[in-house]
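# Close look at the chain arrangement
The residues making up each chain are set out below.
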Amino acid sequence: MIKRLSLIILLLAGSLGISRAQDPAILADTLLIAGDTIIMIGDSIIVKQKIRPIYWEKGGNFNLSIQQVSLSNWNAGGASNMALNSGLAMFANYKKDRIIWDTKLNINAGFNRQADRRFKTRKTNDNFIFISKYGRELTELWYLSTQIDARTQLLEGFRYFRPAGAEQDSRSQISDFLAPAYLQSSTGLNYRKEFKNKDRLSIIASPFTGRFTVVLDDSLSRAGAFGVVPGEAVRAEAGISFGSTTDFQIIENVRWKADLNLFSNFEKLGNFVVNFNSLITMRVNKYISTRIETILIYDENVLIQQESGPPRQAIQLQNMINFGLTLDF
């Protein structure tokens, strides 16, 4: 009996030794360095990297379009001119656990130059928009968020006109860098949904919003431009706001992005300041695209000078169609 038992133990030990010898992974040397597993099997090295989560999503886009018309002895009339329009858009989005932080920056500049005018180069596009939103998840789609919205321009702005009886144009300054600038801070509920095809929708409603109108140009400040008290540089308001951001692919190679910002002062509840930006991009290929940009602004505190008569409240509208170079990064 004892001999049989000893024989069975020897056979089991031999089988286990053979199976371990046939499994090189068991005989391999294993080393753990900074979360990565390194396995050495004979002369081979197998590195098993730990999958690291990605919290940041960053990117951007630059676009440039140029148009030139040159005329010489052209009987049909007209004038030689050149137009340039450029734009830079960047974003950085952070998401970890129950925290989100979305930030984007848009800068646009455009110029037109005609040789037969007194002021040959004139600005056609100029805006600077910075939006940053921090939120904490309440449910899968709802967040408690705080948003900062800053808007201004980079260069001087002029109104061009020709006085009665004059042969050449004149101009008067109507805006400048940080004149005006709008800074808005809002806290409220944020509905945020991301779709599988990278489409995004974000809506934020805030019952607590502070809005500051800044006019740092002395002459414009003394004139009480953009609703500030004459001689003052800042006008502070408290009210409610509503904002939305959409990023949808309409059809293949056609994408629509839009931002809407509404603000109403508690003192004039129901009278909204409106800022709406829309961009439709139609891709021809990786580097060429057509862009349709629309900007709509309405602020009852901003009086627009008319061709005739006194300044009055009016809707500001800009629409541009550009065909040119587009670079993603």
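Residues numbered from 1 in each chain as written. Predicted model: local features only at pLDDT ≥ 70, side-chain atom pairs only at ≥ 80, totals over all residues. Heavy atoms only, no water.

## Overview of the nonpolar core
So the rule is basically this: In plain words, nonpolar cores are sets of buried Ala, Val, Leu, Ile, Met, Phe, Trp, Tyr and Cys residues tied together by side-chain atoms within 4.5 Å. For the exposure calls, accessible area comes from a 1.4 Å probe over protein chains only, and a residue counts as buried if that area is under 20% of its type's maximum, exposed if over 50%, partly exposed in between. In what follows, a contact means two residues having at least one pair of non-hydrogen atoms within 4.5 Å.
Counting residues in hydrophobic clusters, the biggest one holds eight residues: A179, Y182, V215, L220, A225, F226, V228 and V302. Apart from residues no more than four positions distant in its own chain, Y182 is found in contact with D149, A150, R151, R211, F212, T213, F226, D299 and V302.

## A word on the sheet that holds strand β17 (residues 316-328)
Selection rule: At least two bridges found by DSSP between two strands is the condition for calling them paired. Under the DSSP-based scheme used, a helix requires at least four consecutive residues in state H or I and a strand at least two consecutive residues in state E, with every element numbered from the N terminus. Only the stretch in contact is used when a helix axis is fitted, and all axes are lines through C-alpha atoms; the angle between N-to-C directions ranges over 0 to 180 degrees.
Here we have 12 strands rolled up into a closed barrel, ordered β4-β5-β6-β7-β8-β11-β12-β13-β14-β15-β16-β17, and antiparallel in their pairing. Strand-to-strand twist across the sheet, computed as the mean angle between neighbouring axes with direction ignored, equals 20°.

## Concerning a nonpolar patch on the surface
What counts, and what does not: Nonpolar side chains (Val, Leu, Ile, Met, Phe, Trp, Tyr) are joined into patches within 5 Å and like charges within 9 Å, using only residues with over 30% relative accessible area and no salt bridge. Calculation of accessible area relied on Shrake-Rupley with a 1.4 Å probe; when residues are assessed, cover is drawn exclusively from the protein chains displayed. Here, a salt bridge means any Lys or Arg side-chain nitrogen found within 4 Å of an Asp or Glu carboxyl oxygen.
Residues F62, M90, Y287, L325, L327 and F329 make up a contiguous nonpolar surface patch of roughly 530 Å² in combined accessible area. On the secondary structure map, F62 appears in strand β4 (residues 56-69).

## Some details on the pattern of salt bridges
For the structure on display, the rule yields 16 salt bridges. Notably, a salt bridge pairs E237 with R235, separated by 3.2 Å at the nearest N-O pair. Between R255 and D247 there is a salt bridge, with the nearest N and O atoms lying 2.8 Å from each other. By relative accessible area, which is 18% here, D247 ends up buried. Among the ionic contacts, a cluster of salt bridges with common partners joins R211, R235, E237 and D299.

## Here's the deal with unusual backbone geometry
A cis amide bond links A179 to the next residue, P180, at an omega of 10°. Topologically, P180 is positioned in the loop between β10 (170-175) and β11 (181-194). Even without being glycine, N73 reaches a positive phi, approximately 55°. Residue position: N73 is located in the loop between β4 and β5 (81-96). Phi at F226 takes a positive value of approximately 60°, unusual for a residue other than glycine. Along the chain, F226 turns up in the loop between α3 (218-222) and β13 (234-251).

## Section: the pairing of strand β7 (residues 121-137)
By the bridge criterion, 15 bridges tie strand β6 (residues 99-114) to β7 in an arrangement that is antiparallel. Residue pairing in the sheet places F111 in a bridge with K123 of β7. From the end of β6 to the start of β7, which pair antiparallel, there are six residues. By the bridge criterion, 10 bridges tie β7 to strand β8 (residues 142-152) in an arrangement that is antiparallel. Following the sheet pairing, F130 is matched in β8 by A150. Hairpin connection between β7 and β8: a loop of four residues separates the two successive antiparallel strands.

## Here we look at the packing of aromatic side chains
Centre distance and the angle of the planes are the two values used to describe a pair of aromatic rings. Basically, it comes down to this: Aromatic pairs are defined between Phe, Tyr and Trp rings, using the six-membered ring for Trp, whenever the two ring centres lie within 6.5 Å; interplanar angles under 30 degrees are classed as stacked, those over 60 as edge-to-face, and all others as tilted.
Inspection of every chain in the model, using the stated rule, returns seven aromatic pairs. Relative to Y94, the ring of Y55 lies with its centre 6.2 Å away and its plane at 50°, an arrangement referred to as tilted. Here Y55, found in the loop between β3 (44-48) and β4, pairs with Y94, found in strand β5; they are 39 residues apart in sequence, far enough to count as distant. Given a relative accessible area of 32%, Y55 falls into the partly exposed group. One aromatic cluster is present, formed by Y55, W56, Y94 and W101 through successive ring pairs.

## Some points on the confidence of the model for the chain
Note the following rule: Confidence of the predictor in every single residue is expressed as pLDDT, which spans 0 to 100.
On average, residues of the chain score 88 in pLDDT, and 85% of them are at 70 or above. Low pLDDT, under 50, characterises residues 10-27; the stretch is placed with five contacts to residues that sit more than four places away or in other chains.

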